[in-house]
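One letter stands for each residue in the lines below.
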Amino acid sequence: MEKPLMISWEDFEKVDIRVGTIVQTEEFPEAKRSAYKLWVDLGPELGIKKSSAQITIVYKREELVGKKVLAVVNFPPRQVGKFMSEILVTGFYRNDTDVVLATVDQDVPNGARLK
């Protein structure tokens, strides 16, 4: 197991992680690795942002809409093929290939910031 890199509180505060609801998904056949295109509603302040996610092994597209996820919203946009990913939807590897999304277990408003 990897030893965690120690950071300061100020470093942590720089990472803006918000909760959002997946409102739309599409297949992403042109991605190098199997992925979905996601649209995530991050509330009135941030609106709907796009992300690509390599979660096709664990999730079917139809079960993703309505799921609350945690996303980093202050990375610069990243071009993934012909798709512009605006946020990083977070998750955990349960083995070398399967990613399980980071979610919340209570209802919180879209756009709420992780503290």
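Residues numbered from 1 in each chain as written. Predicted model: local features only at pLDDT ≥ 70, side-chain atom pairs only at ≥ 80, totals over all residues. Heavy atoms only, no water.

- An unreviewed UniProt entry annotates the protein chain as tRNA-binding protein of Bacteriovorax stolpii.

### Focus on the overall build of the protein chain
Inference 1: Scanning the protein chain for helices and strands turns up 3 helices and 9 strands.
Inference 2: Computed over C-alpha atoms, the radius of gyration of the protein chain comes to 14 Å, within 12% of the 13 Å expected from 2.2 N^0.38 for 115 residues, which places it in the range of a compact globule.
Inference 3: Overall, the protein chain is about 40 × 40 × 30 Å in size when its C-alpha atoms are taken along their principal axes.
Inference 4: Across the 115 residues that make up the protein chain, the buried fraction comes to 33%.
Inference 5: Sequence separation of 24 or more characterises 58% of the internal contacts of the protein chain that already satisfy a separation of 6 or more.
Inference 6: By element, 54% of the accessible surface of the protein chain is carried by carbon and sulfur atoms, the whole surface being about 8,000 Å². (Helix = DSSP H or I, 4+ residues; strand = E, 2+ residues; numbered from the N terminus. Rg over C-alpha atoms; globule rule 2.2 N^0.38 Å. Buried < 20%, exposed > 50% of the residue type's maximum accessible area, 1.4 Å probe, protein only. Contact = heavy atoms within 4.5 Å. Areas by Shrake-Rupley, 256 points an atom, 1.4 Å probe, with all protein chains shown as cover.)

### A word on the sheet that holds strand 4 (residues 68-72)
Inference 1: The antiparallel open sheet is built from 5 strands, whose spatial order is 3-2-1-4-7. Among the strands making up the open sheet, the edge pair consists of strand 3 (48-53) and strand 7 (88-89).
Inference 2: As defined by bridge partners, strand 2 (residues 36-41) adjoins strand 3 across 6 bridges and the pair is classed as antiparallel. By the bridge assignment, Asp 41 is partnered in strand 3 with Ile 48. (Pairing = 2+ DSSP bridges.)

### Here we look at the pattern of salt bridges
Inference 1: Tallied over the full model, the rule gives 7 salt bridges.
Inference 2: As a salt-bridge pair, Arg 18 and Asp 16 come within 2.6 Å of each other at their nearest N and O atoms. Judged on exposure class, the residue Arg 18 and its partner Asp 16 are both buried.
Inference 3: With a shortest N-O distance of 3.8 Å, Glu 45 and Arg 18 are connected by a salt bridge. Here Glu 45, found in helix 2 (residues 43-46), pairs with Arg 18, found in strand 1 (residues 17-27); they are 27 residues apart in sequence, far enough to count as distant.
Inference 4: Connected via shared salt-bridge partners are Asp 16, Arg 18, Glu 45 and Arg 113. (Salt bridge = Lys/Arg side-chain N within 4 Å of Asp/Glu carboxyl O.)

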